[in-house]
Structure formats: structure tokens, C-alpha cells
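Inside the fold
Each chain is listed here by its residues.
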Amino acid sequence: MAAASIIVRDIPVRKERELAEEELRESTEALAEAQRIGALGCHALDIPTRQWKSSETLDDIFGIGKDYDRTVGGWSALIHPADNAPMNAYFVEKVIGQGKPFDRQYRVVRQADQGEQWVHGTGKLVFDSQGKPRKVHGAVRNITEQRLSEMRLRDSEARYRETFDKTAFGIVHTSFEGRYLWCDPRFAEIIGFPQKDVATLTVQQTTPLEDLAKNKEIRQRASNRTIDNACWERRYIRKDGSTTWGSVTTSTERDSQGREIHFIEFVEGINARKEVEQRLAAAQEALRTREQHYQTIFQTSLDAIVITGPDDGRCIDLNQAFLDSFGYECNEVIGLTVLELNLRADPSGRRNFVELLHRQANCRNLEVKFRRKSGEAFSSLASASIIEPDVESCILSLLRDISDLRDGEKGIKNLVSYDPLTHLPNRSLLMDRLNEAPLSIARSGCNRALLFVDLDNFNT
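Residues numbered from 1 in each chain as written. Predicted model: local features only at pLDDT ≥ 70, side-chain atom pairs only at ≥ 80, totals over all residues. Heavy atoms only, no water.

The subject of this paragraph is the overall build of the protein chain. Scanning the protein chain from N- to C-terminus turns up 14 helices and 15 strands. By the burial criterion, 32% of the 460 residues in the protein chain qualify as buried. Taking as baseline every contact in the protein chain between residues at least 6 positions apart, the subset at least 24 positions apart corresponds to 41%. Total accessible area computed for the protein chain in this model is approximately 30600 Å², and 54% of it derives from carbon and sulfur atoms. (Helix = DSSP H or I, 4+ residues; strand = E, 2+ residues; numbered from the N terminus. Buried < 20%, exposed > 50% of the residue type's maximum accessible area, 1.4 Å probe, protein only. Contact = heavy atoms within 4.5 Å. Areas by Shrake-Rupley, 256 points an atom, 1.4 Å probe, with all protein chains shown as cover.)

Set out below in C-alpha cells:
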């Protein structure tokens, strides 16, 4: 019987295996790529041998190479020293002891560069047929950027809270009807109520009656979008019945669809500023009163008053008594100098007068000869001071006309020394001259003689 040769070829089977291997390789590469993109590394711990295996992505996160010690001790060396003890306690108590899944955030120290990284580890136990833990399969995600963002956000929120805690502004939300919906501690402090009690109040209850109309008008304008932000100063009634001032900025809060939901107000306590403003207003009112008083005195004084420049003597202001005394109209004097008006009988005397004022700032009752517009000379008692009504200093002069006084004195002297009928020297003047004679003889060295002549019937 002839033998037959049969050749069996498994080409289709081999091709299927190659295709399967190719798909497995592609799947493995895709999984590795996905792990790299998601910064997610995988590991498996064999509990009996205390050895673990890791993916390339996990090695990347930890900064280790293929030859790194992959024992429990090697894993422990990767964990940040501050997190090592809590991590061990958590693993022993929660995972091994209670069989719970591993889920914890902690820090690792990369071996390649000693850089600190935050990771989120998850995993679960795999048990053998006797129910004993055999393996731990887990994943580790690099969450460093997320943690840094969270820390920056917390720092920003802490600074934000600190800023608002330290600011003088209070914040309050109110309904369009005037109910207080929410406030921060600062607003409650401004109006003097416990924070929990503010939500039981209304704007109307904390507003003086005389201010209600104004507050209502401003809120209506804000709610009707007549104005974007309303800024005004208002009073609040505190819990103890006293009033306090606040500077308020009101705007309308809207939801994501742009619908108006309530008012939000920033309130600054301004009692101290108001007290300063009130004191300033009182001082300004007192100043206005003094100025009016000064003007009244200035214009109604019987003595001539003139304000001049300190150097050139230019007339800046004067009163009616000055015009009456010197015979000028106001427009004939203002803007001209004392020398241009020829007011002084002795023009050189003004220089000495100004020098005296610079030395002692004021002078009293100096007798000065002035000249009227008509050219007539008259005597005056001058008192003056340097003043500073604005930036530059000026000279305020008060002039009292004593020409009548001097004429009266001269008349009295004539009555004493001369006969009123004949106007001849009388006995009193004779005696005065006789008393002066010895001094005159002593000074001149000349003799003096006295001759008596008797006139008969002189009176006739």
C-alpha cells in the first residue's frame, strides 16, 4: 500500500494570533499613553513578598528608574517625611485592618530631583481563596497642579476675607421691599445690632422718619435702572436708639439670566468724618460771623481805617470814615499808593513808619501829619499792625483826626497866656518868660534886663 504525505498549514491560525498580539500591543500602548496624558500611574503590591511593580507613568511621577528598590521600604522612602507615619497608620488600620479601599492624598519626593509632588492614591485589596489579603492593586495620579491651584485659591480667599474683615466697609443684601436678607459682621457692628437679628429688620425700621422719603427715592432709581450705582450718605437708627452716619453705595444684584434679585450695599461708618465736618461747618460759620462783625466795625468805625501793601503802600481797602476824613471817593483811592495820593504831609515819614512796624509788628498813637484832597494839613493819631488776610501780609492802619483837639489846645493856651480882648501877652506869660530867663542867660552867657513901663489910662 502506497504511503500518502499530508501537509497541514496553520497560516490562518498564525495570522489570527499575530493580529491578536498586534491588537494587544496597540491596546497596551494606548493604555500607557492614556496614563501619561492623565498623569496616572499603576502599581501592584504582592503582600507576602512585599514587592511591587509599577507602570512607566508611575516611575515618571516618582522619578525612579528600572533598578529602583521596589520593596515596601523603597515605597516608604518615596513618601514625604511629614506624611510617612500617617500613611503607614492609614494603610495598616483602614486598608489591611478593615479591608477598606485605599483613597488618600499625600506628598512624595521625586528621587531624580528631590522635587515635592502631590499625588492622589487609590487602590483595593485582592484576597486569596482563604480570604487573606494577597495583593494591592492601585493607581497614583499626579495632582500637584491641582493642589497648588487649591492652595493659591485658599490663600486668595483668606486674603479676601482678611481684607473685608479689616476694612471699614460693611456689606448688606436687601430686598426691593426693604427687608434685610443678609449682612456681614461689620454692617451689624455699624448699626449696633447682633448679626443674627439684622435679618429680622427692615430698612424702614433703621431709618429716621425724616430720611425715609430720600432713601425710598434713591432705591427706586436704582431698581428702575435710572442709575447704575447710587452713592449717598444716610443715617441709621441703632439698637440703643442713637443714630449713626454711613456712606452707602447701592447697586442691583442680578442672577445668571440677568434678572434682578436684590440690592447689595457697601456701607462705611463715617461718624468721625461727620463730626469733623460739623466742627468745620461750625468754625466756618463762626468765621463768617466774625467777618460780618469785622465788616460792620470796619465800615461803621468813626476812625479812618485803611489797608495798604507793606512795601509800596498801595491802598487795598478802606472805610467810609477814611473817605470822609480825606475828602476822596473810593474809586479815587483804591489801587493807588500813599505817595501817589500825597496823603502824608511829610512823605519821608512813611519809610520810618514801615521800618518800625517790621521791627515790632505794631505801633500805637503816633502823631502824624496828613494832607486832605484839598491840600489842607491835619494832625492824626496813627495806630497800625501787620496782618495776613490772605497769602501776603498787609498793614492795617487806624487814623484818628485830632486837628480839633490841637486847635482846642492852642485856644486854651492862648486864653492862659494872652489877654482875650487885646490879644497881648498877660501876666501869666510874663511870669513864664521870667522863669525861663535864668536858663537862657546860663546858656548864652548874656545878661538880660527888665523894663517896666506904666501906661496911664491903658484900659481907656
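We now examine the sheet that holds strand E5 (residues 133–142). Within a sheet, neighbouring strands are paired by backbone hydrogen bonds and run either parallel or antiparallel to one another. What the five strands build is an open sheet, ordered E2-E1-E5-E4-E3; its pairing is antiparallel. The two strands at the open ends of the sheet, each matched to only one other strand, are strand E2 (51–54) and strand E3 (102–109). Each adjacent strand pair in this sheet contributes to an overall mean axis angle of 25 degrees, direction not counted. As defined by bridge partners, strand E4 (residues 116–127) adjoins E5 across nine bridges and the pair is classed as antiparallel. Residue pairing for E5: Phe-127 is matched across the bridge by Pro-133. Each of strand E1 (40–46), E3, E4 and E5 touches helix H4 (residues 81–97); the most contacted strand, E3, lies at about 160 degrees to it. (Pairing = 2+ DSSP bridges. Axes fitted to C-alpha atoms, helices over the stretch in contact; angles between N-to-C directions.)

Bringing unusual backbone geometry into the picture now. Phi angles above zero are rare outside glycine, and Gln-114 is one such case at about 60 degrees. Looking at the secondary structure, you find Gln-114 in the loop between E3 and E4. Classification of Gln-114 by relative accessible area gives exposed; the value is 53%. Despite not being glycine, Asn-342 has its phi angle at roughly 55 degrees, a positive value. Mapped onto the elements, Asn-342 comes out in the loop between helix H11 (338–341) and helix H12 (349–360).

To continue, consider the sheet that holds strand E7 (residues 180–183). Read from one edge of the open sheet, five strands run E7-E6-E10-E9-E8, paired in antiparallel fashion. Looking at the sheet topology across the chains shown, the edges are occupied by E7 and strand E8 (230–237). Strand after strand, the sheet turns through a mean of 35 degrees between neighbouring axes, direction not considered. The pairing of strand E9 (residues 243–254) with strand E10 (residues 260–269) spans nine bridges and is antiparallel. Along E10, the bridge assignment pairs Ser-247 with Glu-268. The strands touched by helix H8 (residues 212–223) are strand E6 (169–174), E8, E9 and E10; relative to E8, the strand with the most contacts, the crossing angle is about 140 degrees. Sitting on the sheet, helix H9 (residues 271–300) touches E8, E9 and E10, and the angle it makes with E9 is about 125 degrees.

Let's shift gears to the pattern of salt bridges. All told, the structure shown has 23 salt bridges when counted by the stated rule. Among the ionic pairs, Glu-93 bridges to Lys-94, the shortest N-O distance being 4.0 Å. What makes Lys-94 partly exposed here is its relative accessible area of 28%. The residue Arg-219 makes a salt bridge to Glu-265 at a minimum N-O spacing of 2.7 Å. On the criterion of sequence distance, the pair formed by Arg-219 in helix H8 and Glu-265 in strand E10 is long-range, its members being 46 residues apart. Counted as one network, the salt bridges with shared partners bring together Glu-233, Arg-273, Lys-274 and Glu-277. (Salt bridge = Lys/Arg side-chain N within 4 Å of Asp/Glu carboxyl O.)

To continue, consider the side chain of Arg-234. By the secondary structure assignment, Arg-234 is in strand E8. No salt bridge is formed by the buried Arg-234. Its closest oppositely charged neighbour is Glu-265, at 5.5 Å. A distance of 3.2 Å separates the side chain of Arg-234 from the backbone oxygen of Thr-206, its partner in a polar contact. Among residues more than four places away in sequence, those in contact with Arg-234 are Val-203, Thr-206, Thr-207, Asn-215, Arg-219, Thr-244, Trp-245, Gly-246 and Val-248. (Lys, Arg positive; Asp, Glu negative; His and termini not counted. Polar contact = N/O pair within 3.5 Å; in protein donor to acceptor, adjacent residues only side chain to side chain.)

Spanning 18 residues, helix H14 (residues 427–444) covers 25 Å between terminal C-alpha atoms, matching the ideal 26 Å at 1.5 Å per step. If you look at H14, its biggest bend is around 30 degrees, right at Ala-437, and the proline Pro-438 turns up within four residues after that. Gly-445 occupies a position one or two residues after H14 and carries a positive phi of about 75 degrees. (Expected span 1.5 Å × (residues − 1). Bend = angle between axes of the 7 residues up to and from the residue.)

So, on to the environment of Phe-91. Looking at the secondary structure, you find Phe-91 in helix H4. For Phe-91, a relative accessible area of 24% corresponds to the partly exposed category. A sequence separation of 12 residues divides Phe-91 from Asp-103, and the C-alpha atoms of the two residues are 9.7 Å apart. Not counting residues within four places of it along the chain, the set of residues in contact with Phe-91 comprises Leu-45, Ile-96, Phe-102 and Val-136.

Our next topic: the environment of Pro-194. Among the structural elements, Pro-194 can be located in the loop between helix H6 (185–191) and helix H7 (195–198). Through-space distance from the C-alpha of Pro-194 to that of Lys-239 is 9.2 Å; in sequence the pair is 45 residues apart. The residues touching Pro-194, leaving out its near neighbours within four places in the chain, are Ala-188 and Lys-239.

Taken as a whole and judged by the stated rule, the model has 13 aromatic pairs. Here the aromatic rings of Phe-187 and Tyr-236 are separated by 5.8 Å at their centres, their planes lie at 85 degrees, and the arrangement is edge-to-face. With Phe-187 in helix H6 and Tyr-236 in strand E8, the pair connects residues that are 49 residues apart, well separated along the chain. Summarising the aromatic geometry, the rings of Phe-326 and Phe-378 are spaced 5.4 Å apart at their centres and angled 70 degrees between planes, so their arrangement reads as edge-to-face. Here Phe-326 is found in helix H10 (residues 320–326), whereas its partner Phe-378 is found in strand E14 (residues 377–387), with 52 residues between them in sequence. Residue classification places Phe-326 among the buried positions, given a relative accessible area of 2%. Taken together, Tyr-90, Phe-91, Phe-102 and Tyr-106 form an aromatic cluster joined through their ring pairs. Residue placement shows Arg-344 over the ring face of Phe-353; its charged tip is 5.2 Å from the ring centre. (Phe/Tyr/Trp six-rings, centres within 6.5 Å; stacked < 30°, edge-to-face > 60°. Lys NZ or Arg CZ within 6 Å of the ring centre and 35° of its normal.)

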